[in-house]
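Descriptive analysis of the structure
One-letter residues, chain by chain:
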Amino acid sequence: MLLRLPTSLPEAQECLTDGAIPVGGATLVWAAWQRDGFPEQAVSLREVPEANVLGAGELGAAVLLHRIDERVPEVLRRAASGIGTGAVRRTATVGGNVVGSTLRCLLPAALVLDARARVLAAEGPFETDLAELLAKKPLLLSLHWEEPLVSGYRKVAEAPGGPPPLVVATAVHATGEGRVLRVAVRDGYEFLSESVPCSAGADSALDALGGTTIGALPTEAREVVRDQVAEVLERAAGL
């Protein structure tokens, strides 16, 4: 297998045109390749500047999970810190987790940040939403978002050998029409995301959530959502 390491977007685009397969941190694809056979060419974005951004409102797809720090919102930082072991976080990438993984531990955080994706196709780079990113799986370059007022994250302790643990991500955003609460939940392998007004307080926001897909979650999951919503809105009230 030839591993190609482009240093610019035009070089990365050429790799895609030639049929190279994105490798990310290889934590997810290596075992499958050992089982099913290696591709002729693979491409890593680790030398492409646009895929290594890390700062206010942006996170590159080639950034290793252990590098995600206080430069990004709390919800994203805490989501990254809870993925796998330290060894995994020093190898796995943002793009591999969001696009290549079935668990997609970073996805709830990206959803409540209302993130947009900058991606690369054989035709060139363009921006899209998370729904299209996950449906069509172009090569992710970076995520971009508007900073929330506050955010929060909780991952319930997982049972050994059981389904993926429940994840609840929250964020409060200031808009021209007042404050909005965004909530995203990973329940098993299903992802739910809803937005409701929250300027009137926690009780009003929770009532609004009750009429959404999140309100139809099992009782234990709804209690976790309730606790997280109350906590993040309490912090937002002081701002």
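Read on for a plain summary of the structure. (Residues numbered from 1 in each chain as written. Predicted model: local features only at pLDDT ≥ 70, side-chain atom pairs only at ≥ 80, totals over all residues. Heavy atoms only, no water.)

1. What about the nonpolar core?
Val94 and Leu106 are the most contacted members of the largest nonpolar core, which has 36 residues in total. Secondary-structure elements contributing two or more residues to this core are helix 3 (74–81), helix 5 (94–100), helix 6 (107–112), strand 6 (116–121), helix 7 (130–136), strand 8 (139–144) and strand 10 (167–175). Among residues more than four places away in sequence, those in contact with leucine 106 are Leu65, Leu76, Ala79, Ala80, Ile83, Val94, Asn97 and Val98. Residues Val150, Val168, Ile214 and Val225 belong to the second largest nonpolar core, which totals 22 residues. (Core = buried A, V, L, I, M, F, W, Y, C linked by side-chain atoms within 4.5 Å. Buried < 20%, exposed > 50% of the residue type's maximum accessible area, 1.4 Å probe, protein only. Helix = DSSP H or I, 4+ residues; strand = E, 2+ residues; numbered from the N terminus. Contact = heavy atoms within 4.5 Å.)

2. Quick look at helix 8 (residues 202–210)
One turn of the α-helix equals 3.6 residues, which is why residues spaced by three or four share an orientation. Among all positions in helix 8, only Ala205, Leu206 and Leu209 are buried. For helix 8, the buried positions fall inside an angular range of 95° around the axis, keeping them on one side. Across helix 8 from its buried face, at more than 90 degrees, point the exposed residues Asp203 and Asp207. Among the structural elements, strand 11 (178–187), strand 12 (190–197) and helix 9 (219–237) are those in contact with the buried residues of helix 8. (Arc of directions from axis to C-beta.)

3. Things to note about the sheet that holds strand 6
Spatially, the five strands line up as an open sheet ordered 4-5-8-6-7, and their pairing is antiparallel. With partners counted over all chains shown, the strands left at the sheet margins are strand 4 (54–55) and strand 7 (124–129), one partner each. Bridging between strand 6 and strand 8 involves five bridges; their strand directions are antiparallel. Note on strand 8: the bridge partner recorded for valine 119 is leucine 140. In this fold helix 1 (residues 9–17) packs onto strand 6, strand 7 and strand 8, with an angle of close to 65° to the strand it touches most, strand 6. (Pairing = 2+ DSSP bridges. Axes fitted to C-alpha atoms, helices over the stretch in contact; angles between N-to-C directions.)

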